[in-house]
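Residue-level structure breakdown
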Amino acid sequence: MALGLLDGLRAWELPRGSFERYETLARVFRVAFAYEHRMCGDPDFLDPARLEEAYASSEASMTADDLPRLETMLPTIESLRGAPDKARQCTTHFCVIDREGMAVSNTYTLNTMFGSKLAVGGAGFILNNCLDDFRIAADVPNWYDLVQGDRNQLRPFHRPASSMTPTLVVKDGRVEMIIGGSGGPRIPTAVVQTILGVLGDGVSLGDALRGPRVHHQLFPDETALEVSVPDPIADELARRGHKIARVTQLGVCAAVKRNLENDEIAAILDPRFGDFW
Ligand code: DON
């Protein structure tokens, strides 16, 4: 959805690092999380028509008019209703590609530190605490301050909606990028900005990963900016009505970029990884 909106807005034409680029990304992410809030839940339990509607709207091509239109339809927190600080998390992403170009993009999560802190005797693994990915009440944010929609209500036998975004970018049947990461709802926004940097701006994978990030997840209704986003950008966003939150880092990605002309591979772990803990 975010990439569709950015495509409709021709976001690659907004200069990388400009105020316009940051503002557009924040607005797009906010709307994409509104979509997630409304649509996402265990597909096994969704009415097939609703599922069709969700797929169709995630794949619909967008025009520049769609962002302002969708912004008029956002829910407010008053219509639903304190949130803990983010803590250390436990999610890993890996990217694999073989010499034939077969690829895997895999995100594995315990969710928060040591998951549910229960080890499975003799099996060698720990159980996750992804129950936190469900909505438990309309106005109660989860560990990541995310407020989930009613389709994602905690119910027996349901799987929770997830922000994990293991991604393969394929061109003419050939894998060009593999990317994913950790950081809960900050994963999709980090993935989008990295893809936009590499495929939209033509910068190297390393530069795209290092670039200062913006994030919006609908609730809380604030635009999060890494401290590396220049102050004039933050000031201009604030002047235009954004509530700004300055944060150290937004998501951590692992990514592979394949040069489709010569099969050269760049494989990079987000430089934020060292700061993560
Ligand atoms: O599926 C989800 O959205 C969360 N369980 C992901 C958690 C996560 O990324 C923790 N990362 N550091």
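One can find the structure itself at the top, above this paragraph.
Residues numbered from 1 in each chain as written. Predicted model: local features only at pLDDT ≥ 70, side-chain atom pairs only at ≥ 80, totals over all residues. Heavy atoms only, no water.

**What about the overall build of the chain?**
Condition: Per the convention used, a helix needs a DSSP run of H or I reaching at least four residues, while a strand needs a run of E reaching at least two, with both numbered from the N terminus. We compute the radius of gyration over the C-alpha atoms and compare it with the globule rule, which gives 2.2 Å times the number of residues raised to the power 0.38. Remark: exposure states derive from per-residue accessible area (1.4 Å probe, protein chains only) relative to the maximum for the residue type, with buried under 20%, exposed over 50%, and partly exposed in between. Residue burial considers only the protein chains on display, and all accessible areas are found by Shrake-Rupley using a 1.4 Å probe.
Scanning the chain from N- to C-terminus turns up 7 helices and 11 strands. Taken over the C-alpha trace, the chain has a radius of gyration of 19 Å; the compact-globule value for 277 residues is 19 Å, and the two agree within 12%. Dimensions of the chain along its principal axes, counting C-alpha atoms only, are 50 × 50 × 40 Å. Of all 277 residues assigned to the chain, the portion counted as buried reaches 46%. Accessible surface for the chain amounts to roughly 14,200 Å². Of this, 55% is attributable to carbon and sulfur atoms.

**Looking at the pairing of strand β11 (residues 265-269)**
Formally: Two strands qualify as a pair provided that DSSP identifies no fewer than 2 bridges between them.
Relative to β11, strand β10 (residues 252-258) is paired through 5 bridges, and the arrangement is antiparallel. Bridge pairing in β11 places Lys257 opposite Ala266. Between β10 and β11, which pair antiparallel one after the other, the connecting turn spans 6 residues, and Asp263 there sits at a positive phi close to 65 degrees.

**Overview of the nonpolar core**
Put simply, the test is: What we call a nonpolar core is a set of buried Ala, Val, Leu, Ile, Met, Phe, Trp, Tyr and Cys residues that are connected through their side-chain atoms within 4.5 Å. Any two residues whose heavy atoms approach within 4.5 Å are treated as being in contact.
Core analysis: the biggest nonpolar cluster contains 30 residues, and Leu5, Leu6, Val28, Phe29 and Val214 have the highest contact counts within it. Those elements that place two or more of their residues in this core are α1 (2-8), α2 (19-39), α4 (66-71), α5 (186-200) and α7 (231-239). Among the elements that make up this core, the one with the highest residue count is α2 (10 residues). Excluding residues within four positions of it along the chain, Leu6 makes contact with Ala11, Trp12, Thr24, Leu25, Val28, Val192 and Leu196. In this structure, Val191, Ala208, Cys253 and Ala255 belong to the second largest nonpolar core, which totals 13 residues.

**Some thoughts on the sheet that holds strand β7 (residues 214-215)**
Judged by pairing direction, the sheet is mixed, and its 3 strands sit side by side in the order β7-β8-β9 without closing on themselves. With one partner strand each, in any of the chains shown, β7 and β9 (244-247) form the two edges of the open sheet. Judged from the 4 bridges that link them, strand β8 (residues 223-226) and β9 form a sheet pairing that is parallel. Residue pairing across strands places Thr223 opposite Ile244, the latter belonging to β9.

**Looking at the pattern of salt bridges**
Here is the rule: The term salt bridge refers to a pairing of a side-chain nitrogen on Lys or Arg with a carboxyl oxygen on Asp or Glu at a separation within 4 Å.
Counted according to the given criterion, the structure contains 23 salt bridges. Between Arg21 and Asp201 there is a salt bridge, and its shortest N-O distance comes to 2.5 Å. Notably, a salt bridge pairs Arg174 with Asp263, separated by 3.2 Å at the nearest N-O pair. Here Arg174, found in strand β6 (residues 174-182), pairs with Asp263, found in the loop between β10 and β11; they are 89 residues apart in sequence, far enough to count as distant. Relative accessible area serves as the criterion here: at 39%, Asp263 is assigned to the partly exposed category. Residues participating in the shared-partner salt-bridge network are Glu23, Glu236, Arg239 and Arg240.

By themselves, these observations are geometric and do not establish any function.
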